[in-house]
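Report on the structure
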Amino acid sequence: MGLLAKILAAETTTFREPASWFYDSLAGGASSAGERVGPVAALGLPAYWACLKVVSEDCGKLPLMVYERQGTDRRSKRVAYDHPAYSVLHLSPNPFCGSMTLRETMVSWALGWGNAIAELQFTGGGDLVGIWPIHPARVTPEVKNNRLRYVVHREDGGQDRLTTEQVIHLRGPGDTLWGYSVVQLLRDSIGVGLAGQRLAGAWFSQGAPITGVLEHPGNPEDTTVEKLRASMKARFGPGGADRGGFIILREGMTYKPLHIAPEDLQFIESRNFTVEEICRLFRVSPHKIQHLVHATFSNVSHLGIEHGGDAIMPWLKRFEEELARKVFVDDAQFFAEHNMAALMRADHTARAEFYSKLFGIGVLSPNMVLQEENFNPVDGGDEHFIPANMVPLRNPVQPQPASSAGVVVDDLASEDETAKHFTPVLAGIIGRTVAKECKALGRSFGADYNRRAFLAKAENLYREIRDDLRESLGPSWTYMQRASTPGAAITLAQAVEQYISESWSELVETDGKENAAARIAEWQTSKADRWAQRLNPLAEVAI
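Along each chain, residue indices are assigned from 1 in the same order as the chain's sequence is written. Local features are withheld for residues below a pLDDT of 70 in this predicted model, meaning they are given only at 70 or higher, and side-chain atom pairs are given and counted only at 80 or more; totals for whole chains, interfaces and linings count all residues. Just so you know, side-chain values use all the structure's heavy atoms and leave hydrogens and water out.

With respect to the packing of aromatic side chains
To keep things clear, this is the line we draw: In this analysis, rings of Phe, Tyr and Trp, with Trp reduced to its six-membered ring, are considered paired at centre separations within 6.5 Å, and the interplanar angle assigns stacked below 30 degrees, edge-to-face beyond 60, and tilted for intermediate values. Each helix is a run of DSSP H or I of at least 4 residues and each strand a run of E of at least 2, with the numbering of both proceeding from the N terminus. Here the term buried applies to any residue with accessible area under 20% of the maximum for its type, exposed to any over 50%, and partly exposed to those in between, with areas from a 1.4 Å probe on protein chains only. As a reminder, the over-ring test applies to NZ of lysine and CZ of arginine, requiring each to be within 6 Å of the ring centre and within 35 degrees of the ring normal.
Tallying each qualifying case throughout the model produces 7 aromatic pairs. Pairing F359 with F385 gives two aromatic rings, centres 6.1 Å apart and planes at 45°, and the pair type is tilted. Of this pair, F359 sits in helix 11 (residues 348-360) while F385 sits in the loop between helix 12 (366-372) and helix 13 (415-443), and the two are 26 residues apart along the sequence. Exposure remark for F359: the relative accessible area of 31% places this residue in the partly exposed category. Residue F385 is classed as partly exposed on the basis of its relative accessible area, which comes to 43%. Residue placement shows K77 over the ring face of Y67; its charged tip is 4.3 Å from the ring centre.

Shown next, in the form of structure tokens:
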């Protein structure tokens, strides 16, 4: 009779005097390799234990939040700190463990046993106040009158029956009632790994393999052989003074080294294969359990992303669906969800790029980024921003009505008012170019000033500045042209060429090192503001 058949036959047991089916569920049945393989015995295989640990810990460490849907489209949400289930799911499901420990334990049980059961504790009003895990070896499913119940076997031999509404049942692939145990289905694969581990232990317990032999042409006495063995061990054994040195042989003795047999090399390869085989069972990338044989610097980051989607996400969804069906069934406005963003916290560069891109398109506000990084919010940080040169597709830019004088009418502000806002923006952009320009020109003087060499370096510098200035001014220039009177402003290319041409002319007019240095000093204090006013197409003095 199979294990499940024995359980369903209502064969009872106790922990003090376990029945055969209960012993088999712990220690496991015999595999084809001769090893007893069960959910507990399999933990002795390092790769199996490491995979369970990686998946269960990664699931448990993610914050589990309770949200309330908001808005008519139900896409907006807020963290429901005041919901009774929040503290239970996010912090402390019961007095004996925290939220991470509960979820870590349940996922590890579901991975090894195929199922994880936890009893839900509600108040008389239906509020969740506790979650109590029950070991899957003590639970069997029971269907009567088309109703599913879970039979819990107590230590005293008694039984309790829980309805499906009273439990969270986290299960892996299987039938609709009970998940399959990976250990039971793939007992032989795990048994091979355990047998190889036992063989390796026996190999080393019997001493290191023989690496060579000494041959004597005669037939020495046993006492001579024992003296030779003791002498060799004292001099070349562990702690010997001549260990790693060479030996002088007498009486025609010869030394013959022994090589590692090919089957021994295959044994080492088989142990590596066992690691990869166990990883396949749990969809875990081998590099997550420190098996870096096939990992490279370029693919590890992508393997980490796949780990979150392939090995972690399915268990999170199963847990969230159980909570939706059992805890929030009467109020669909609330739901529980894991925050997968926590998996990115180990990579500062990826987080910075992620926040920057979402902030740049108005998805995140400054306070939302601060919250993700566990910082306090700032005043005014709830505003969302978008680039000035971007508009919604449903509201394309249309030509603005003009007055009889041909001046564009702005409903929000006059051109003079707009010019006041954009002049400082241009000054900041041009100021960065001026700082780079002055710094590079100052380094060009050298110990002995040579006007020809100085101007040659300046010419090369302005070739670089031309592209930099055009790129940095581009977004702001586009917006200002839209807000200005049609045909009143020059193009961006014309403005940049005007800046380069006049800057070059001013340098050429200088005579001597002192005059060039004075010109650069003057640029540092006033050039950015002067050109910001000149290039602003909304200002009265615009070129």
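Here we look at the sheet that holds strand 6 (residues 128-134)
Each strand in a sheet pairs with its neighbour through backbone hydrogen bonds, running either in the same direction (parallel) or in the opposite one (antiparallel). Put simply, the test is: A strand pair is defined by DSSP finding two or more bridges across the two strands. The axes are straight lines fitted to the C-alpha atoms, using for helices just the contacting stretch, and the angles between their N-to-C directions are given from 0 to 180°. Should any heavy atoms of two residues lie within 4.5 Å, those residues are counted as being in contact.
Taken in spatial order, the 3 strands line up as 6-5-10 in an open sheet, and their pairing is antiparallel. Whereas interior strands pair on both sides, the edge strands pair on one side only; in this sheet they are strand 6 and strand 10 (167-171). Averaged over all neighbouring strand pairs, the angle between strand axes comes to 25°, with direction disregarded. As paired strands, strand 5 (residues 115-122) and strand 10 are joined by 5 bridges and run antiparallel to one another. Looking at the pairing, N115 lines up with R171 of strand 10. Lying over the sheet, helix 5 (residues 99-113) contacts strand 5, strand 6 and strand 10, oriented at roughly 145° with respect to strand 5.

A closer look at the sheet that holds strand 3 (residues 64-70)
The antiparallel open sheet is built from 3 strands, whose spatial order is 4-3-13. Every interior strand has two partners, whereas the edge strands, strand 4 (76-79) and strand 13 (334-338), have only one. Here the average twist between neighbouring strands, direction ignored, is 45°. Both strand 3 and strand 13 contribute to a ladder of 5 bridges, which runs antiparallel. Bridge pairing in strand 13 places M65 opposite E337.

Focus on the packing of helix 3 (residues 46-61) against helix 5
Under the convention used in this document: These descriptions rest on fixed angle ranges, namely under 35 degrees for roughly parallel, over 145 for roughly antiparallel, 65 to 115 for roughly perpendicular, and the rest for oblique. Note on convention: the crossing is left-handed when the near helix lies turned anticlockwise from the far helix by less than a right angle, right-handed when the turn is clockwise. Note that Gly is not counted as nonpolar here; it falls among the polar residues with everything else outside the nonpolar set of Ala, Val, Leu, Ile, Met, Phe, Trp, Tyr, Cys and Pro and the charged set of Asp, Glu, Lys and Arg.
Packing of helix 3 against helix 5 brings their axes to within 8 Å, and their N-to-C directions diverge by 140°. One way to sum up the angle between helix 3 and helix 5 is to call them oblique. You can see that helix 3 and helix 5 cross each other, and the crossing is right-handed. Packed against helix 3, whose contacting residues are Y48, L52, V55, S56, E57, C59, G60 and K61, the element helix 5 presents M100, R103, E104, V107, S108, L111 and G112 at the interface. Taken together, the residues of the contact of helix 3 with helix 5 break down into 7 nonpolar, 4 polar and 4 charged.

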